[in-house]
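Results of the structural survey
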Amino acid sequence: MATWMKWLRDRLPTGGGLRDEDWAGRHRLLTVLLAVVMVAMIVFGVLQGEEHIPALLLTVGLVLPCLIAGTLPRSRRLRSVFVALGYTVACAGFVSLAHGLTEAHFTFFIAVAALALYRDWAPFGVFLVATTLHHGAFGTLFSDHTYDHDSAVAHPLVWALLHGVAVLFAAGFQIVSWRLTEVEEDRARENLDESQAQLSVAFDQTPVPMAIFSPDGLIMRTNAAYRKWLGLPDELPAGFHLRDVPLAPVDAGEPPMLELMAASRESLTVTRRYRRLDDGRLIWVEVHGTGLYDRNDRLRLIYVHCFDVTATRDHEAELRHQVRHDSLTGLLSRQAFEHDLAVLLAGSAEPVSVIYLDVDRFKSINDGSGHTTGDDVLRALAARLQQVVPAGALIARLGGDEFVVALAGPAGTGLRVGNTILASLAEPLAGFPVALSIGVTTAFGAAGADEVVLAADTAMYAAKRGGGNRLQVFTDDLAVPVQERIAAETRLRRALTADPRYSFPLWFQPVVSTVTGEIIGAEALVRMRTEQGDILAPGHFIGAAEETGLIVPLGAHVLRSAIEHLQHWSNRLGYVSVNVSPRQLAEADFVPMVAALLAEHPCLDPSRLVLEVTETALISSTVDVSERLALLKQLGVRVALDDFGTGYSSLTWLESLPADVVKLDRSFVAGLADDARKASIISAVLWLAQSLGMSTIAEGVEELSDWEALRAAGCPAVQGYLISKPLPAPEFDKMIMSGFTFGGVHLNETTGRALAG
Ligand code: C2E
Ligand code: CA
Ligand code: CA
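What counts and how
Residues numbered from 1 in each chain as written. Chains lettered and ligands numbered in written order. Predicted model: local features only at pLDDT ≥ 70, side-chain atom pairs only at ≥ 80, totals over all residues. Heavy atoms only, no water. Domains from an automatic or database assignment. Helix = DSSP H or I, 4+ residues; strand = E, 2+ residues; numbered from the N terminus. Expected span 1.5 Å × (residues − 1). Buried < 20%, exposed > 50% of the residue type's maximum accessible area, 1.4 Å probe, protein only. Contact = heavy atoms within 4.5 Å. Core = buried A, V, L, I, M, F, W, Y, C linked by side-chain atoms within 4.5 Å. Donors = N, O, S within 2.8 Å, 3.2 Å for Na, K, Ca; no water. Near = heavy atom within 4 Å. Polar contact = N/O pair within 3.5 Å; in protein donor to acceptor, adjacent residues only side chain to side chain. Pairing = 2+ DSSP bridges. Axes fitted to C-alpha atoms, helices over the stretch in contact; angles between N-to-C directions. Arc of directions from axis to C-beta. Phe/Tyr/Trp six-rings, centres within 6.5 Å; stacked < 30°, edge-to-face > 60°. Salt bridge = Lys/Arg side-chain N within 4 Å of Asp/Glu carboxyl O. Patch = residues over 30% accessible without salt bridge, like charges linked within 9 Å, V, L, I, M, F, W, Y side chains within 5 Å. Areas by Shrake-Rupley, 256 points an atom, 1.4 Å probe, with all protein chains shown as cover.

Considering the domain arrangement of the chain
- As assigned here, the chain comprises domain 1 (10-183), domain 2 (208-232 + 240-314), domain 3 (327-474) and domain 4 (488-755).
- A straight line from the C-alpha centre of domain 3 to that of domain 4 covers 33 Å.

Structural notes on helix α14 (residues 371-388)
- Here α14 is 18 residues long and its end C-alpha atoms lie 26 Å apart, about the 26 Å a rise of 1.5 Å per residue gives.
- The complete set of buried residues in α14 reads T373, G374, V377, L378, L381, A382, R384 and L385.
- Residues of α14 that are buried make contact with β7 (352-359), α13 (362-369), β8 (394-399), β9 (402-408), α15 (413-424) and β10 (436-443).

What to know about the nonpolar core
- The biggest cluster of nonpolar side chains holds 76 residues, and the ones touching the most others in it are F504, F508, V578, L611, L710 and F732.
- Ranked by the residues each element gives to this core, the list is headed by helix α20 (residues 551-568), at seven residues.
- Not counting residues within four places of it along the chain, the set of residues in contact with L710 comprises V669, L672, I682, A698, V701, C715 and V718.
- With 35 residues, the next largest nonpolar core counts L30, V95, A116 and F124 among its residues.

Considerations on the coordination of the calcium ion (ligand 3)
- In this structure, D642 (OD), D643 (OD), E699 (OE) and E699 (OE) serve as the protein donors to the calcium ion (ligand 3), at separations of 2.2 to 2.5 Å.
- The sequence pattern formed by the donor residues of the calcium ion (ligand 3) is D-D-x55-E.
- Separating the calcium ion (ligand 3) from the calcium ion (ligand 2) is a gap of 3.8 Å, bridged by D642, which donates to each. Of the two residues, D643 is situated in strand β18 (residues 638-644) and E699 in the loop between β20 (695-698) and α28 (704-713); the sequence distance between them amounts to 56 residues.

Observations regarding the site of ligand 1
- Around ligand 1 there are 21 residues in total, and Q509, R527, N579, E702 and Y721 lie nearest to it.
- In the environment of ligand 1, an oxygen atom lies 3.0 Å from a nitrogen or oxygen atom belonging to the side chain of E523.
- Between D643 and ligand 1, the recorded distance is 3.3 Å, taken from a side-chain N or O atom to an oxygen atom.
- Those elements giving two or more residues to the shell around ligand 1 turn out to be β13 (519-526) and β18.

Quick look at the sheet that holds β10
- In space, the five strands of this open sheet follow the order β8-β9-β7-β10-β11, with mixed pairing throughout. Looking at strand neighbours, the two that pair on one side only are β8 and β11 (470-473), the edges of this open sheet. When strand polarity is set aside, the average angle formed by the axes of neighbouring strands in this sheet is 20°.
- Of the strand pairs in this sheet, β8 and β9 are connected by five bridges, and their pairing is antiparallel. The partner of I395 across the bridge, within β9, is V405.
- Strands β7, β8, β9 and β10 of the sheet are contacted by α14, whose axis makes an angle of about 10° with β9.
- Contacts between helix α16 (residues 449-465) and the sheet are confined to β7, β10 and β11, with β10 contributing the most and set at about 145° to the helix.

Thoughts on the coordination of the calcium ion (ligand 2)
- Around the calcium ion (ligand 2), the donor atoms from the protein are E523 (OE), N579 (OD1), E612 (OE) and D642 (OD), and they sit 2.0 to 2.4 Å away.
- Along the chain, the residues donating to the calcium ion (ligand 2) are arranged with the sequence spacing E-x55-N-x32-E-x29-D.
- The class of N579 is partly exposed, set by a relative accessible area of 29%.

A look at α28
- Buried within α28 are the following residues: D706, W707 and L710. Down the axis, α28 shows its buried residues gathered within 105° of arc, on one side only.
- Where α28 is buried, its residues touch β12 (506-513), α26 (666-669), α27 (676-691), β20 and β21 (717-718).
- One or two steps after α28, the chain reaches G714, where phi turns positive at roughly 95°.

Points about the sheet that holds strand β2 (residues 219-222)
- The strand order across the open sheet formed by six strands is β2-β1-β6-β5-β4-β3, and the pairing between neighbours is antiparallel. Of all strands in the sheet, those bounded by a partner on one side alone are β2 and β3 (247-249). Averaged over all pairs of adjacent strands, the angle between strand axes in this sheet comes to 35°, irrespective of strand direction.
- In this structure, strand β4 (residues 268-276) lies alongside strand β5 (residues 282-293), joined through eight bridges in antiparallel fashion. By the bridge assignment, T269 is partnered in β5 with H288.
- On the sheet, helix α8 (residues 156-205) packs against β1 (210-213) and β2 and is oriented at approximately 85° with respect to β2.
- Relative to β5, helix α11 (residues 310-324) is tilted by about 125°, and along the sheet it contacts β4, β5 and β6 (299-308).

Quick look at the packing of aromatic side chains
- In this structure the tally under the stated criterion is 13 aromatic pairs.
- When the ring of W23 is compared with that of Y118, the centres are 5.8 Å apart and the planes differ by 35°; the resulting orientation is tilted. In this pair, W23 is assigned in helix α2 (residues 20-48) and Y118 in the loop between α5 (106-115) and α6 (121-141), connecting sequence segments 95 residues apart.
- Among the residues examined, W23 registers a relative accessible area of 6% and is labelled buried.
- Overall, Y118 belongs to the buried group, its relative accessible area being 1%.
- Between W707 and F742 the ring centres are 4.6 Å apart and the planes differ by 85°, which places this aromatic pair in the edge-to-face class. Taken together, the positions of W707 in helix α28 and F742 in the loop between α29 (729-737) and α30 (750-753) put the pair 35 residues apart, joining distant regions of the chain. Of the two residues, W707 and F742, both sit in the buried class.

Considerations on the side chain of T222
- Inspection of the secondary structure puts T222 in strand β2.
- Here T222 is in contact with F203, D204, M210, A211, R227 and L236, once residues within four sequence places are set aside.

A few points about the pattern of salt bridges
- The tally for this structure, following the rule as stated, stands at 29 salt bridges.
- Linking E708 and R711 is a salt bridge whose minimum nitrogen-to-oxygen distance equals 3.3 Å. A residue pair is termed a helical-turn pair when its members lie 3 or 4 positions apart in one helix, as E708 and R711 do in helix α28 at three residues.

Things to note about the side chain of T131
- With respect to the helices and strands, T131 occurs in helix α6.
- Judged by its relative accessible area of 4%, T131 falls in the buried class.
- Engagement of the side chain of T131 in a polar contact is seen with the backbone oxygen of F127, the distance being 2.6 Å.
- When neighbours within four sequence positions are excluded, T131 is seen to be in contact with T88 and F108.

A look at a nonpolar patch on the surface
- Together, M1, W4, M5 and W7 line one region of the surface with nonpolar side chains, adding up to about 530 Å² of accessible area.
- Topologically, W4 is positioned in helix α1 (residues 2-11).

Okay, here's the thing in structure tokens:
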């Protein structure tokens, strides 16, 4: 029995499951329908005639309270029960008014179907019970008012039962359909619950901070990641607002996320900088916002996902910096410089100057003191450039020891800044005296970045060819050299391999004593004879020889040739001095080569050979070169410091040099007679050289007044056009054979015949 009951219970609908708003809608419909039925019945009853008035009054008298009770604010079950009673009375009344007409009984079936809308046992059951009771009681008492056929009038209870069964069947199918609806609803609810549970898991467990806001900024829901990220408690206080989130936007001008969302129907992604209010850190947050709209297109909710992209941003910035900057010096990279220069050229109203810098003999620092030292020097140079170049200029390292500066400014800016850079190198870099070759060019109007840099580079090359430690402004005739340089190299190589004695003859310029006027020695100056027979001064080929490395065989030829001449003039000429280029000196083979040459001439006193080395060569070189000079001196050869006064020219520096002779540069000597400052410097150098046991030669003396001044100052020897230009060996030979003496006032004939200069 119990199992049977359970079986039945499982198959019957539960009932009462409608949602309030659905129930209210159905209840309203049934109540209004009942009211309409009542009005229709009044009309019907009146039409039926006077004898029906009592039945009509009774019906209305019973339906009306049910109708009123159905609208009173009571529990919904009670209200539905009253409506069900109202329907029972209305159907019964209608049957009575219709004299028990069988078709009038149809209204009961209509009412069953109507009341099934409540989907609740109470109104349904009340209707069934009340209907059966009515049929039983009323059918017995007023059978002719309940049924309209004889059998029913005779056996009212049987027919009451029959009607009850019919209504019950009608109700049964309603119950089945009601039950089926419930099953479907349960299934739908289960599905919904499951998908909601899945969503909740996804929302709550995802490691991405997520939150749901109302359009006015109230926080409706947050996930654990969100709360953890912002250090919020698990239970947010009621009314927690977006304003209460501990993040402060950094860029105040940006519209709030809520405003953006309200203005857009699409999903949004914005990346913004915030300051965390807990630890004050600046972070980058990428916020994805999606709006949820209702059927009326009103924004209901905003979902946001937040990604802290600070690390990515920092990494990107770092990468950008790496691409844009040279890792050694922190200056701009070549790539960034080319880009920025193009922008500067395109956007500047003023001319743009480009200054190309290359460290002179940087290789010797690197080779001599190691790459770490080389790097230190480059870094120090970068820092120096940043100090002396005007703010806003582009400064880049193009690679190796090449740097470039670009800046806008009136014509002459590049020259001024270039000279400032040169002057700033009076202070050593990382302990090393460093010289630069600088090329400057100025672009007016639209010009390609490439061409401008190339022009500055070309000018820099010219400065380098000129001996370095100088600035060269770009001129159009400098632009030719690329092909010319190649041609020069071919010419040089050919000349050297054929017959160097013919192609590279030595000319000699006498050095005379200021005391006796006699020739005490000579400087060997190389010349080049072209295929056409023209004589070229060293300025035309020494640069190319240095660049190509051909200076090494050329230098060897000069030395050999000078020694041969020296041998030849053994009784008549004190010494010959030979210029040695830094590149030659840097050759590992140089000292052995000199030693071998001397060994070939055992009768020659090695001190009659003087090697001239420029001051800049010494300074930009390293310990290596000092050692090399020391080795040379061990061979008995003397060393002269050439061009003194053009480089760093510090008097204290002189002390540390292993030189026997100081050659004062022409720029130091010219105009000496009229310049008290020059005169006092020369006196100081002379005094110091003398006290260090060095001899001094003043170079480039052209004026008699300078000769007089030098002699008065006690300069022991002089070289210059005033006495003689460099002469081909045969002419110089004649000069010494003639017993030439410089008398001061009466100039020798040979001076006029001198060719080169
Ligand atoms: P330097 O060693 O300073 O040589 C002196 C230069 O000054 C010579 O030019 C000479 O002709 C010039 N000179 C002499 N007296 C006067 C004067 O009174 N007034 C003027 N204005 N100039 C005067 P040169 O022969 O053209 O040589 C130029 C440079 O070429 C030399 O400068 C030297 O650095 C280099 N050089 C010459 N021969 C050789 C060589 O065999 N090997 C190397 N490595 N370099 C050399
Ligand atoms: Ca010289
Ligand atoms: Ca010189």
